[in-house]
Every structure is written in C-alpha cells, then in structure tokens.
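These are the residues of each chain, in order.
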Amino acid sequence: EAGVAQSPRYKIIEKRQSVAFWCNPISGHATLYWYQQILGQGPKLLIQFQNNGVVDDSQLPKDRFSAERLKGVDSTLKIQPAKLEDSAVYLCASSLVVSGELFFGEGSRLTVL
Amino acid sequence: KQEVTQIPAALSVPEGENLVLNCSFTDSAIYNLQWFRQDPGKGLTSLLLIQSSQREQTSGRLNASLDKSSGRSTLYIAASQPGDSATYLCALHGSSNTGKLIFGQGTTLQVKP
C-alpha cells in the first residue's frame, strides 16, 4: 500500500517569496492534515480536511497561509509571502476516519533566507 | 486546555538495556493516544495506537501503556539496539470528533553500541 506522498522534499526561498507544497494521502483516507514542525518541537496542526471540507484551521496564519483540497484527494499548502519564522518541516498526514490512526509523509523542509 | 509533556528531552543508554519513555497529559478525557518514531530529516512513523478503553498495546519489542486516571502513557523498549536511536513522540486525540492530534515535544533516544 502506498504511503502519504509529499513534494518537494526541500525548498529554499528568500523572504517575501511564495512557495507551495503538495500532498497525496493514502488511497481511501478521507481525513487529511497539514502540520508544521519547527526544529526541536513537536508538530503543530495547521489545517485539517474531511474530504474537501475544512474541519479545523484555527492555527493557520490565514494572512499568509492557504490550503485547498479541491477534489477530496490531494492537497496543496501555499505560503505567500514567506517569513523567516516559516522555516520548518511541513508534514502531511492522513487517516481513514476522524480521530483514527494517522500516517505521515516524509515532509517538506522549507528554509526561508 | 490539553497539554502533552515528554520528559526527558534526551536519553542515552547502552545497547541491550530496557528503557521507558514517558508521556504525561493534563486532561484525562482522551479518545486515543499514538506513539511515533521520527528519524532525522524524516517524517513520523506510527508505532502504536492505544484506544482510551485499552490499557496497553504491544508490537515486537515495544509495549505502550495508558493510565488515563494518572494522565500518563509509557513506551517500553526491550533490549534496545543502535537502530532504535531516534526521536519518539506521543500524541493524543481529545475526542472522536475533531481529529486534532496534540503532540508532546518528543524524547530523543541514543542507543550506544
């Protein structure tokens, strides 16, 4: 069974530039999550989708971050404009059901200079 | 507000030793708890999931326990090996409805040959 796919694995940008990350969850998983993990910390939830609807985006900095899951399958997370403090690993995860076991992708490491 | 704490932040043990990693939480009303492993530069790998009605789960050399009344979970690793070196994170779902996983900071384990 294929796992959660993410791309790109690494991205380096200048501050104020934009960046987009892509995630394809495990087939059949209705719930998709984007987490931000800053070095040395546990992951923090940015946004949770149930199919193509947003369940929780309370910690998403909406002035610069946006995410979509148009067809209820893959998802894109965008940052525009990026700040230095956005340097982190962006992890995508999926689960079969809400509050079920989560499976994570390899992550996308962002460095903002 | 639910808070998850993992102490110590780092642990170093000689190969072959049995060890226990600790996870504590402030609100005993949880739905389930999940232990993850994270290798440097990688995503999170699910190790064990314990439902709130369960006391423990086992997989190979790993055993996770859950005591909701005391707000604690432990991950027991038997006969540790250098390949067990990684960061171990615990995370929990507060309810069956939200899907939001709350993470601890993690314990970085080093097993010395």
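See the structure printed just above.
Small disclaimer: the values here were computed from a predicted structure and weren't measured. (Residues numbered from 1 in each chain as written. Chains lettered and ligands numbered in written order. Predicted model: local features only at pLDDT ≥ 70, side-chain atom pairs only at ≥ 80, totals over all residues. Heavy atoms only, no water.)

Draft legend 1. The arrangement of the sheet that holds strand 3 (residues 19–25) of chain B in detail. All names here are of chain B. Reading across from one edge, 1-3-8-7-6 is the order of the 5 strands in this open sheet, with antiparallel pairing throughout. With one partner strand each, in any of the chains shown, strand 1 (4–5) and strand 6 (56–59) form the two edges of the open sheet. Looking at chain direction, strand 1 and strand 3 are connected through 2 bridges and run antiparallel. Bridging from a neighbouring strand, valine 4 pairs with phenylalanine 25 of strand 3. (Pairing = 2+ DSSP bridges. Helix = DSSP H or I, 4+ residues; strand = E, 2+ residues; numbered from the N terminus.)

Draft legend 2. Looking closely at the state of the cysteines. In this structure the tally under the stated criterion is 2 disulfides over all chains. For A:Cys23, the disulfide goes to A:Cys92, at an S-S distance of 1.9 Å. Its S-S torsion of approximately -70 degrees makes the covalent link between A:Cys23 and A:Cys92 left-handed. Taken as a pair, A:Cys23 in strand 3 (residues 19–24) and A:Cys92 in strand 9 (residues 88–95) lie far apart in primary sequence, 69 residues in all. According to the relative accessible area criterion, A:Cys23 is buried, its value standing at 0%. In this structure A:Cys92 comes out as buried when scored by relative accessible area, which is 0%. Across the disulfide from B:Cys23 sits B:Cys90; the S-S distance is 2.0 Å. (Disulfide = S-S within 2.5 Å. Buried < 20%, exposed > 50% of the residue type's maximum accessible area, 1.4 Å probe, protein only.)

In short, geometric facts, not functional conclusions.
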